[in-house]
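# Observations on the model geometry
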Amino acid sequence: MSIARFSPFELLLLKSRSQVDTATLLLLGWVLVHRQHVSEGQRRRRLAQVTAQFRHGHELGPVMSIAHSQDLHAIQLAAEVVRKECSKERSLSVMHQAITVATDDGDISLANHYILRFLADLLNVTPTTLGTLFQELTGKPLRPPEDPSRDAYWQTHDPAYYAHKAQEEADAAQREKESQEKAEQQQRSKTDKQQEKKQKQQEKKQQKEEARRAKARAEQSSADQAKAEQARQERQRQEQARQEEARRRQQRSSPPPPDHTTRALAVLGLTPGASKTDVRRAYRRMAQLHHPDRFYSESEHQVALASARFQRIKNAYDYLMQTY
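Our subject in this report is the structure included herewith. Please read these numbers as outputs of a predicted model, since none were measured by experiment. Along each chain, residue indices are assigned from 1 in the same order as the chain's sequence is written. Local features are withheld for residues below a pLDDT of 70 in this predicted model, meaning they are given only at 70 or higher, and side-chain atom pairs are given and counted only at 80 or more; totals for whole chains, interfaces and linings count all residues. Hydrogen atoms and water are omitted, and side-chain values are computed over all heavy atoms in the structure.

### With respect to the overall build of the chain
Threshold: Helical segments are the DSSP runs of H or I of at least four residues, strand segments are the runs of E of at least two, and each set is numbered from the N terminus. Put simply, the radius of gyration uses C-alpha atoms, and a globule should come to 2.2 Å times the residue count raised to 0.38. Classification of residues uses two cut-offs on accessible area relative to the type maximum, computed with a 1.4 Å probe and protein chains only: under 20% is buried, over 50% is exposed, and between them is partly exposed. Residues count as neighbours in contact if any of their non-hydrogen atoms are within 4.5 Å of one another. Only the protein chains shown count as cover for residues, and the accessible areas themselves come from Shrake-Rupley with a 1.4 Å probe. Charged-residue counts in this description rest on Lys and Arg as positive and Asp and Glu as negative, His and the chain ends being excluded. Charged groups are reduced to one reference atom each: NZ for lysine, CZ for arginine, CG for aspartic acid, CD for glutamic acid.
Scanning the chain from terminus to terminus reveals 14 helices and 0 strands. Listing every helix and strand of the chain by position from the N terminus yields α-α-α-α-α-α-α-α-α-α-α-α-α-α. In terms of overall dimensions, the chain is more spread out than a globule: its C-alpha atoms have a radius of gyration of 36 Å, far above the 20 Å expected for 324 residues. Summarising its shape, the C-alpha atoms of the chain cover approximately 125 × 50 × 35 Å along the three principal directions. Expressed as a percentage of the 324 residues in the chain, the buried residues total 30%. In the chain, once contacts between residues fewer than 6 apart in sequence are set aside, the share between residues at least 24 apart is 69%. Entry remark: accessible area of the chain is about 22000 Å², with carbon and sulfur atoms responsible for 49%. Averaged over its 53 positive side-chain charges, the chain has a centre that lies 6 Å from the centre of its 42 negative ones.

Structure below.
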C-alpha cells in the first residue's frame, strides 16, 4: 500500500516503537493545546517531562502539530489504541499524566473539563476515582464545568460583558423605536388614503345622483328601461361582490409558507419576534448540547449525526446574525 494512503498520525504509529505510547502522547498533546496562558515551548517541555519514560522513539513535534490541527480522526484512532492496550494500572497512570499537563494549580479550561472526563470514561476510570486523583494531584476538588450558555459565565470571562449587554439593549430599543415610527407612518399613510378614497366615492356618488335625476327628467317615457338597467347593474355589482368574497376566502385558506428567517429561528428553538440576544443565547445553549465533542464515545454514526445537527445550528445562527 502506498504511504500516501496513510494519515500523518497513522505513519507515526507505523514508525513508533510503542504504539500505545504514541497514542497516549497525542491524547496528552490534545489536553495541552487546550491549556490556557502557556506558550508552545512550555507545552512541549511539559509533555517531554511527563513522558520521559515513553518508548515511542520519535520527536514530539509531529504529535503536537496533529494535536493543534484538531484532527478528530487521529484523536479517535489514538483513543481506540489506548483503550485496547492499556491495563488498569496504565489507565490510572495516563489519567495522572493528563491531569498533570492540564493544570498546575487546579484551574483548568472549559475544554479540558470535558476532555478529562472523556479520557476517564475511555479508560474506565470512575468519576469518583477521577475526582480523588485530581484532588491528590492539585490540592483542589474537581468542580463541575462552567456553562457557557449562562450569563454568569460571560460576566466572569468577558470583561466587557456589561458594556456589550447595554449596547445590545440600546440597539434593540433603537430598532423598536424605528419600527414603531415606521408603523405610525404607515398607519397615517393608510388613513390618508382611506379618507381620499372616501371623498372620491362621495363625489362620484353625487355625480351619479345628479346624472340619474337629469336622465329621469329627460326620459320619463323610458322609466321602465331605466329600472331594468338599474336592476342589471345591481346584479353585476352583487356578482362582483361574490367574486371578491370568494377571492378573499381563497387567500385566507392558503397562508404563505414560512420564510427563511422563521425556519432558522425554529432550528434554534425560537419563534418569530425573537431578539438578537435571544438568538445568541439560544445558539450557545444549542451548541453546548449538540457539539460533536460530546459524542466522541459514541459510534461513528452518532458522531456524524451530532456534526450534522451542529452544522444546521451554526448555519441558522450565521444567517440570523446577518439578517438582524
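Back to the text.
### So, the nonpolar core
For clarity, the cut-off: We define the nonpolar core as a collection of buried residues of types Ala, Val, Leu, Ile, Met, Phe, Trp, Tyr and Cys that are connected through side-chain atoms lying within 4.5 Å of one another.
Among the nonpolar cores identified, the biggest contains 48 residues, and Phe9, Leu26, Leu27, Trp30, Met95 and Leu119 are the most heavily contacted of them. Secondary-structure elements contributing two or more residues to this core are α1 (8-15), α2 (19-33), α3 (40-50), α4 (61-68), α5 (72-85), α6 (88-102), α7 (110-122) and α8 (127-138). Per element, the largest residue contribution to this core is 10 residues, and it comes from α2. Dropping the residues within four chain positions of it, Trp30 is found in contact with Ala67, Gln70, Ile75, Ile115, Phe118 and Tyr296. Counting residues in each nonpolar core, the second largest holds 16 residues, with Leu265, Met286, Ala316 and Tyr317 among its members.

### A short note on unusual backbone geometry
The phi torsion at His37 lies on the positive side, around 65°, for a residue other than glycine. Assessed through its relative accessible area of 80%, His37 is described here as exposed.

### With respect to the environment of Gln206
Mapped onto the secondary structure, Gln206 falls in helix α10 (residues 161-218). Overall, the relative accessible area of 52% leaves Gln206 in the exposed class.

### A look at the side chain of Asn112
With respect to the helices and strands, the residue Asn112 is situated in helix α7. Judged by its relative accessible area of 0%, Asn112 falls in the buried class. If we skip the residues at most four places from it in the chain, Asn112 touches Val31, His34, Arg35 and Ala102.

### Considerations on the packing of α2 against α4
The condition that has to hold: Here, axes are lines fitted to C-alpha atoms. For helices the fit covers the stretch in contact, and angles between N-to-C directions go from 0 to 180 degrees. Our angle categories are set so that under 35 degrees counts as roughly parallel, over 145 as roughly antiparallel, 65 to 115 as roughly perpendicular, and the remainder as oblique. What makes a crossing left-handed is the near helix being turned counterclockwise from the far one by less than a right angle; a clockwise turn instead makes it right-handed. Each residue gets one label: Ala, Val, Leu, Ile, Met, Phe, Trp, Tyr, Cys and Pro are nonpolar, Asp, Glu, Lys and Arg are charged, and the others, such as Gly, are polar.
Contact geometry of α2 with α4 gives a least axis separation of 8 Å together with a crossing angle of 55°. Our classification of the angle between α2 and α4 gives oblique. For the crossing formed where α2 meets α4, the hand is right-handed. Seen from α2, the contacting residues are Leu25, Leu26, Gly29, Trp30 and Val33; seen from α4, they are Val63, Met64, Ile66, Ala67 and His68. Here the residues of the contact of α2 with α4 sort into 8 nonpolar, 2 polar and no charged.

### Structural notes on the pattern of salt bridges
Under the convention used in this document: One side-chain nitrogen of Lys or Arg within 4 Å of one carboxyl oxygen of Asp or Glu is enough to make a salt bridge.
Going through the model one piece at a time under the given rule, you end up with 14 salt bridges. Across the salt bridge formed by Glu209 and Arg212, the nearest N and O atoms sit 2.8 Å from each other. Residue Glu209 and its partner Arg212 are located together in helix α10, separated by 3 residues, close to a single helical turn. Given a relative accessible area of 29%, Glu209 falls into the partly exposed group. Linked by salt bridges that have partners in common, Arg35, Arg46 and Asp104 make up one network.

### Some remarks on the packing of aromatic side chains
For the record, the criterion: Pairing of aromatic rings covers Phe, Tyr and Trp, the last through its six-membered ring, and needs centres within 6.5 Å; plane angles under 30 degrees mean stacked, over 60 mean edge-to-face, and all others mean tilted.
Overall, the coordinates contain 2 aromatic pairs when judged by the stated rule. Note on Trp30 and Phe118: the rings are 5.8 Å apart at their centroids and 80° apart in plane angle, and the pair reads as edge-to-face. With Trp30 in helix α2 and Phe118 in helix α7, this pair connects stretches of sequence that are 88 residues apart. Residue Trp30 is classed as buried on the basis of its relative accessible area of 4%. Summarising the aromatic geometry, the rings of Tyr283 and Tyr317 are spaced 4.0 Å apart at their centres and angled 15° between planes, so their arrangement reads as stacked. Here Tyr283, found in helix α13 (residues 276-290), pairs with Tyr317, found in helix α14 (residues 300-323); they are 34 residues apart in sequence, far enough to count as distant. Under the relative-accessibility criterion, Tyr283 is labelled buried at 16%.

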